[in-house]
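# Structural overview for review
Residue strings, one per chain:
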Amino acid sequence: MALPARWKLLVGSAVIFLVNCINAQNPFRSFQYKYSFKPPYLAQKDGSVPFWEYSGNAIANEEMVRITPSLRSQKGQIWTRTPTDFDWWEVELVFRVTGRGRIGADGLALWYTESKGVEGPVFGSNDNWKGLGLFFDSFDNDNKHNNPFIMAMTNDGSQSYAHQLDGSTQQLAGCLRDFRNKPFPVRAKIEYYQNTFSVMFHNGMSNNEQDYEMCFRVENVVLPKHGYFGVTAATGGLADDHDALKFLTYSLQSPDASATDEAHIAEDERAKLSKEYQEYQDKLQKQKDEYRQAHPDEADTGKMENPEEWFETDNQRELGQIFAGQSKMFDALRDIQRKMDDLVGRQERTLSLMSAIQTNQVAGTVQTGGTGPIPGVDTIRRHEVETALANQREIVGAAREIKAYVTEIHQRTATIVQNQGKQVGGSAQPLGYDHVQNSLNEVKEGLNMIKRDISVTAQRLAAQPVTSCPTNQPCVSTTIFAVFMVIQMVIMIGYFIYRDTKEAQAKKFY
């Protein structure tokens, strides 16, 4: 059933009202570079950070600002140079807190105060500040086992931070979150809009930059209208590295105020641009008049009056592209024609060589008186050429080895002859097999002489009468004595032969 017209009107009005309410709650964000820093090139060559100033133990480089190093009793801080010129803001802080121990100290703080802080006892900044302090407390001073802890505290300049209680009695709100030794940088998004203060926290367990969770939200928070942003940190008996990687500041405006400001800015900008354009036109016309006076005979004056002729039309651009394409095609065809001519020339040279070979073979057949059919041309094949070349390389290698072997034999022979010529008396002594053979012949001759002497002695003894051996002296027969003498002679001759052989072998190496 169709709804009445009045119900449709009511539903449409309600939808429009809800859309306007939603849009009214979403402020316009504008990035403020004078209150921000981020890598790369975070610090300049002289070590300074644009629009910021740091002191204490803070160190700045191209990628981050190390507020405090992991040393005991360190304090560092970095502050904006100028106060803010907007009422509402949003800050995104990206940082790391890393240390070797299971427990760290003391912590890191983000400040929004009426005046720039100085070095002091509250996480590296002074006490009794005026404004807001957001503390990332690492150390458990009150022994309640509720650290690391994130808390916010406002101060009108009359309160002192209660260190022993970790500020638990002074905090606006807080949440228990661990931000030490995380695999990815930790993020905190702080928003102050229409007296509502909220903190979103990213625990650094993933690289998803939008993985935030609500830490706390507080309403009716009044902060100074204009103030300074700062980041400080401190260490105590325990120490952590406190690194600030990014500090991004956005100004927030309601849609109504933004539209009013934009309309005002747009009107001013329109008037300013119109004035500048008119001044430029007047200056250009004056230059044209001066040029005409300086060049009265200029032929192409009509072209100056029509600036559209200075630029090419669409048809001219299209014709230029077609001409460029045809030029590339012509170059490619010319390259192909050149390669085809080269191939035809090679083919003609190959055919001429084959014709010459066939002619030579036919002439050879006629000279030998052959009457049979002309045999086909059988040219040498590639594998036969490779086999012939391999055989030739093997023959050359074998010849080189034989040459080297003959050269070595010649050198050794010359060395032996030279050593023989150095012997006493200038006569060469026999070496090797001939020497041994001569020595054996001499041994044989000596044995024959001994044998003849023994035979003569035996005959003489046989001719004499037999007498008994003396009783008081040992009786040794002639045969035993001769045998011992022969054995002694053989041993001596063998020793002499062995010594001469060793000396001859040793002389070969010199």
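Residues numbered from 1 in each chain as written. Predicted model: local features only at pLDDT ≥ 70, side-chain atom pairs only at ≥ 80, totals over all residues. Heavy atoms only, no water.

Under an unreviewed UniProt entry, the chain has the name L-type lectin-like domain-containing protein and belongs to Daphnia magna. Listed in UniProt under the heading Subcellular location (unreviewed entry), the comment for the chain reads: "Membrane". (UniProt positions renumbered as here; feature names shortened; annotations may be inferred.)

Looking now at the overall build of the chain. A count of helical and extended segments in the chain gives seven helices and 16 strands. When the accessible surface of the chain is summed, it comes to about 35,700 Å², and 56% of that surface belongs to carbon and sulfur atoms. (Helix = DSSP H or I, 4+ residues; strand = E, 2+ residues; numbered from the N terminus. Areas by Shrake-Rupley, 256 points an atom, 1.4 Å probe, with all protein chains shown as cover.)

The biggest cluster of nonpolar side chains holds 44 residues, and the ones touching the most others in it are Phe 37, Trp 89, Leu 134, Phe 136, Phe 197, Phe 216 and Phe 247. Looking at this core, the element that brings in the most residues is strand E6 (residues 88–98), giving five residues. With twelve residues, the next largest nonpolar core counts Trp 79, Phe 123, Trp 129 and Phe 135 among its residues. (Core = buried A, V, L, I, M, F, W, Y, C linked by side-chain atoms within 4.5 Å. Buried < 20%, exposed > 50% of the residue type's maximum accessible area, 1.4 Å probe, protein only.)

With eight of eleven residues buried, E6 lies mostly within the body of the structure. Where E6 meets strand E16 (residues 241–253), eleven bridges bridge the pair, whose relative direction is antiparallel. Each bridged residue has a counterpart across the sheet, and for Glu 92 the counterpart in E16 is Leu 248. Sheet topology places E6 next to strand E12 (residues 186–193); seven bridges connect them, and they run antiparallel. Counted as the bridge partner of Val 94 is Arg 187 from E12. (Pairing = 2+ DSSP bridges.)

For the rest of this paragraph, the subject is the state of the cysteines. One pass over the structure, following the stated rule, counts one disulfide. What pairs with Cys 175 in a disulfide is Cys 215, and their sulfur atoms sit 1.8 Å apart. An S-S torsion of about -90° defines the bridge between Cys 175 and Cys 215 as left-handed. Here Cys 175 is found in strand E11 (residues 173–175), whereas its partner Cys 215 is found in strand E14 (residues 213–219), with 40 residues between them in sequence. (Disulfide = S-S within 2.5 Å.)

Before going further, it helps to examine the side chain of Asp 166. Position of Asp 166 relative to the elements: it lies in the loop between strand E10 (149–156) and E11. Here the side chain of Asp 166 touches Asn 141 through a polar contact of 2.8 Å, side chain to side chain. (Polar contact = N/O pair within 3.5 Å; in protein donor to acceptor, adjacent residues only side chain to side chain.)

For the rest of this paragraph, the subject is the UniProt feature "transmembrane region" (unreviewed entry) in the chain. Mapped onto the present numbering, the UniProt feature "transmembrane region" (unreviewed entry) falls at residues 479–498. Helix makes up 100% of residues 479–498 and strand 0%, and the two end C-alpha atoms of the span are 29 Å apart.

The next thing to look at is the pattern of salt bridges. Tallying each qualifying case throughout the model produces 13 salt bridges. As a salt-bridge pair, Arg 180 and Asp 240 come within 2.8 Å of each other at their nearest N and O atoms. One end of the pair, Arg 180, is in the loop between E11 and E12; the other, Asp 240, is in the loop between strand E15 (228–234) and E16, and 60 residues separate them in sequence. Since its relative accessible area comes to 0%, Asp 240 is described here as buried. Three or more residues joined by partner-sharing salt bridges are found here, namely Arg 66, Asp 241 and Asp 243. (Salt bridge = Lys/Arg side-chain N within 4 Å of Asp/Glu carboxyl O.)

If you trace the seven strands from one edge of the open sheet to the other, you get E2-E5-E15-E7-E9-E10-E11, paired in antiparallel fashion. On the outer flanks of this sheet lie strand E2 (52–56) and E11, each paired with one strand and no other. In this sheet, adjacent strand axes meet at a mean angle of 15° when their direction is disregarded. (Axes fitted to C-alpha atoms, helices over the stretch in contact; angles between N-to-C directions.)

Here the focus is a negative patch on the surface. On the surface, a cluster of negative charge is made up of Asp 268, Glu 269, Glu 276, Glu 279 and Asp 282. One can find Glu 279 in helix H2 (residues 255–294). What makes Glu 279 partly exposed here is its relative accessible area of 47%. (Patch = residues over 30% accessible without salt bridge, like charges linked within 9 Å, V, L, I, M, F, W, Y side chains within 5 Å. Lys, Arg positive; Asp, Glu negative; His and termini not counted. Charge placed at Lys NZ, Arg CZ, Asp CG, Glu CD.)

What follows is about the environment of Gly 230. Following the sequence through the fold, Gly 230 ends up in strand E15. Relative accessible area serves as the criterion here: at 0%, Gly 230 is assigned to the buried category. Sequence separation between Gly 230 and Tyr 112 is 118 residues, and the spatial gap between their C-alpha atoms is 6.6 Å. The residues contacting Gly 230, other than those within four sequence positions of it, are Ile 78, Trp 79, Ala 109, Leu 110 and Trp 111. (Contact = heavy atoms within 4.5 Å.)

Model confidence for the chain is summarised by a mean pLDDT of 80, while 73% of its residues fall at 70 or above. Low pLDDT (under 50) marks residues 424–433, which in the prediction has eleven contacts with non-local residues, meaning those over four places away or in another chain. (pLDDT = per-residue confidence, 0-100.)

We now examine a nonpolar patch on the surface. A cluster of nonpolar side chains, Leu 333, Ile 336, Met 340 and Leu 343, forms an exposed patch at the surface whose accessible area comes to about 410 Å². Its place among the elements puts Ile 336 in helix H4 (residues 314–367).

Burial of strand E7 (residues 107–113) is extensive: seven of the seven residues sit out of reach of the surface. In this structure, E7 lies alongside strand E9 (residues 130–137), joined through seven bridges in antiparallel fashion. The residue of E9 that forms the bridge with Trp 111 is Gly 133.

Turning our attention to the packing of aromatic side chains. One pair of aromatic rings is described through two measures. These are the centre distance and the angle between the planes. One pass over the full model with this rule turns up 23 aromatic pairs. Geometrically, the ring pair formed by Trp 89 and Tyr 112 is tilted, given 5.0 Å between the ring centres and 45° between the ring planes. Of this pair, Trp 89 sits in strand E6 while Tyr 112 sits in strand E7; the two residues are 23 residues apart in sequence, bridging distant segments of the chain. We classify Trp 89 as buried; its relative accessible area is 0%. Both rings, one in Phe 136 and one in Phe 179, keep their centres 5.8 Å apart while their planes meet at 90°; by these two values the pair is edge-to-face. Taken together, the residues Phe 136 in strand E9 and Phe 179 in the loop between E11 and E12 connect sequence positions 43 residues apart. Among the aromatic side chains, those forming a connected cluster through ring pairs are Phe 37, Trp 52, Trp 88, Trp 89, Tyr 112, Tyr 192, Tyr 193, Phe 229 and Phe 247. (Phe/Tyr/Trp six-rings, centres within 6.5 Å; stacked < 30°, edge-to-face > 60°.)

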